[in-house]
Amino acid sequence: MRNNSTLKSAPISARTVSYRKFEIEKNAKNEAYYFILSHNLLDEFAEFCKSYRSSDPIRIVWKSHCQTFN
């Protein structure tokens, strides 16, 4: 049986802050995707994804999104 006590016991404000951060990140990524596609930069982005390396957790997230374009 899975323990959901921390999820259920978290105050609504804590869950709201997390959702806001999720929305901010989602919107930023959507803007970046729009920019890439509207400026016909998909090939350049795919090339960037092939060669980009980083240990930064945020960059690792971008790397996972890059795999979509490879």
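Predicted model, so just to flag it, every value in this text is computed and none were measured.

A look at the overall build of the protein chain
Secondary structure assignment for the protein chain yields four helices and zero strands. With 70 residues in all, the protein chain has 10% of them scored as buried.

Considering the packing of aromatic side chains
In total, this model carries two aromatic pairs according to the counting rule given. With centroids separated by 6.1 Å and ring planes inclined at 25°, the aromatic side chains of Phe45 and Phe48 adopt a geometry described as stacked. Separated by three residues within a single helix, Phe45 and Phe48 lie in helix 3 (residues 42-51), roughly one turn from each other. For Phe48, a relative accessible area of 37% translates into the label partly exposed.

Here we look at the pattern of salt bridges
Oppositely charged side chains may form a pair once their charged atoms are brought near each other. Evaluation of the coordinates by the stated rule reveals two salt bridges. Lys29 is the partner of Glu25 in a salt bridge, and the nearest nitrogen-oxygen pair spans 2.6 Å. Remark: Lys29 and Glu25 occur in helix 2 (residues 12-38); sequence separation between them is four residues, near one turn of the helix. With a relative accessible area of 13%, Lys29 lands in the buried category.

So, unusual backbone geometry
The backbone of Asn40 shows a phi angle near 55°, a positive value even though the residue is not glycine. The residue Asn40 is located in the loop between helix 2 and helix 3 in this model. For Asn40, a relative accessible area of 65% corresponds to the exposed category.

Quick notes on helix 3
Buried within helix 3 are the following residues: Phe45, Ala46 and Cys49. Taken end-on, helix 3 shows its buried residues confined to a sector of 100°, consistent with a single buried face. Exposed and oriented more than 90 degrees from the buried face of helix 3 are Asp43, Lys50 and Ser51.

What counts and how
- Residues numbered from 1 in each chain as written.
- Predicted model: local features only at pLDDT ≥ 70, side-chain atom pairs only at ≥ 80, totals over all residues.
- Heavy atoms only, no water.
- Helix = DSSP H or I, 4+ residues; strand = E, 2+ residues; numbered from the N terminus.
- Buried < 20%, exposed > 50% of the residue type's maximum accessible area, 1.4 Å probe, protein only.
- Phe/Tyr/Trp six-rings, centres within 6.5 Å; stacked < 30°, edge-to-face > 60°.
- Salt bridge = Lys/Arg side-chain N within 4 Å of Asp/Glu carboxyl O.
- Arc of directions from axis to C-beta.

These results come straight from atomic positions and should not be treated as a statement about function.
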